[in-house]
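# Report on the structure
One letter stands for each residue in the lines below.
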Amino acid sequence: MKMKFRTVFNCIKKINIISVRYYTPRRALMYVPGDNLRKLSKAFTLDVDCIAMDCEDGVALSQKETARSTIRSILDTEKNVTRRNFDRAVRVNPVNSEFCHDDLRAVLTAKYLPDTVLLPKVEDKGHLEWFADQANALIRDEAKIDLIIYVESALAVIKCYELCKYTMELAENGKFRLAGVVFGSDDLCASLGITRSHDGAELLYARQKVVLISKAFNLQAIDMVHIDFKDLVKLKEYCEQGAQMGYTGKQVIHPDQVPVVQTAFLPNKKQVEWATGLLESFKEHQKKGQGAFVYKGIMIDMPTMKQAQNIVDILKLTSSSL
Ligand SMILES: CCC(=O)SCCNC(=O)CCNC(=O)[C@H](O)C(C)(C)COP(=O)(O)OP(=O)(O)OC[C@H]1O[C@@H](n2cnc3c(N)ncnc32)[C@H](O)[C@@H]1OP(=O)(O)O
Ligand SMILES: O=CC(=O)O
Ligand SMILES: [Mg+2]
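The name given to the chain in an unreviewed UniProt entry is Citramalyl-CoA lyase, mitochondrial, and the organism recorded there is Photinus pyralis. Per its UniProt entry, the chain bears the Subcellular location (unreviewed entry) comment "Mitochondrion". According to its UniProt record, the chain has this under Cofactor (unreviewed entry): "Mg(2+)".

Below you can see the structure in the form of structure tokens.
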């Protein structure tokens, strides 16, 4: 009996609450320095949901122009030359840098638009208005891109709700839609004046705040990067913790991290069996007029049914979008 409880609770504790209007899976969001053709070519061979071609912090100041033009030439070529239909994302430089305008012009006027623009270091409404003006002017016709904003400073964590809300408002009449929020842990550490520890305890408050607010707007929440890329055991632990908090994916910097993250952000076989069994049982009990009932020794009513539905939904959404 004790074992049974543990098994069921192990299933429950890993559940993501998702409620989405459209869904592009981004379990692993993998950065590739935009000036490195070897790494870019390698990335396109991987089984990864999202490739983040980087113009920002993974690129030296002297290589910004090379990164921009390399990414542009990739976007000018057809997407389906690779074996997998991944999300083609570009991380541009922050709006208040000298590079962002040129980055946006290069990527948003390419023959094929990126699926997603990743906008780092967003801190106030002015940044978002500036981005909206640029995107609306540069994107042709009726096309729309996904936008993911980064919360990665003390100020941005405090203003996270306001930033998400305002981006959604701007998106209503814009050529972009807000798809998610990235929790930029490493820049946040720099902003707070701390050095990141191995267990990440210093990040807990902000990490939870970012996922809570993202989910309040039905957005994807993409968890912090694990820079100790050779430690795959700790990576798995962080993934499970993030998924348990409600994060839908994680930033990745090395190919070895990809399979761990892609797997960790999908419900496992045991969770799927638990969820489908519960949903069947829920239907039967509803027919009999019973709102609360016992399934595998646990009291079930509407909230647990919704958690089970989330598991089934995330699996369906992920497999149907790939
Ligand atoms: C922290 C906050 C952030 O903003 S994170 C985002 C900014 N940083 C980045 O983008 C860094 C991305 N990662 C990297 O550049 C590399 O993984 C670093 C960490 C430098 C290690 O590279 P390297 O010494 O080549 O690793 P390795 O020899 O183990 O690589 C094995 C093969 O995999 C390739 N690889 C490596 N990283 C990537 C990547 N991100 N994307 C695509 N491919 C990658 C290497 O080129 C190498 O391939 P090959 O076997 O030589 O063909
Ligand atoms: O951009 C990501 C971060 O952790 O900083
Ligand atoms: Mg950052």
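With that settled, consider the nonpolar core. One finds Met53, Leu108, Phe131 and Phe176 to be the most contacted residues of the largest nonpolar core, which totals 70 residues. Element by element, the count of residues in this core is highest for helix α7 (residues 160–172), at six residues. Every residue in contact with Phe176, bar those within four places of it in the chain, is listed here: Phe131, Ala132, Ala135, Asn136, Lys144, Ile145, Leu147, Thr167, Leu170 and Ala171. Grouped together as the second largest cluster of nonpolar side chains are 13 residues, Phe293, Ile300, Met305 and Ala308 included.

Contact geometry for helix α5 (residues 125–138) and α7: axes closest at 10 Å, N-to-C directions at 25 degrees. When the interaxial angle is binned, α5 and α7 end up roughly parallel. By crossing handedness, the relation of α5 to α7 is classed as right-handed. Across the interface between the two elements, Lys125, Leu128, Glu129 and Ala132 of α5 pack against Glu162, Leu163, Tyr166, Thr167 and Leu170 of α7.

Conventions used here
- Residues numbered from 1 in each chain as written.
- Chains lettered and ligands numbered in written order.
- Predicted model: local features only at pLDDT ≥ 70, side-chain atom pairs only at ≥ 80, totals over all residues.
- Heavy atoms only, no water.
- UniProt positions renumbered as here; feature names shortened; annotations may be inferred.
- Core = buried A, V, L, I, M, F, W, Y, C linked by side-chain atoms within 4.5 Å.
- Buried < 20%, exposed > 50% of the residue type's maximum accessible area, 1.4 Å probe, protein only.
- Helix = DSSP H or I, 4+ residues; strand = E, 2+ residues; numbered from the N terminus.
- Contact = heavy atoms within 4.5 Å.
- Axes fitted to C-alpha atoms, helices over the stretch in contact; angles between N-to-C directions.
- Parallel < 35°, antiparallel > 145°, perpendicular 65-115°, else oblique.
- Left-handed = near helix turned anticlockwise from the far one by under 90°.

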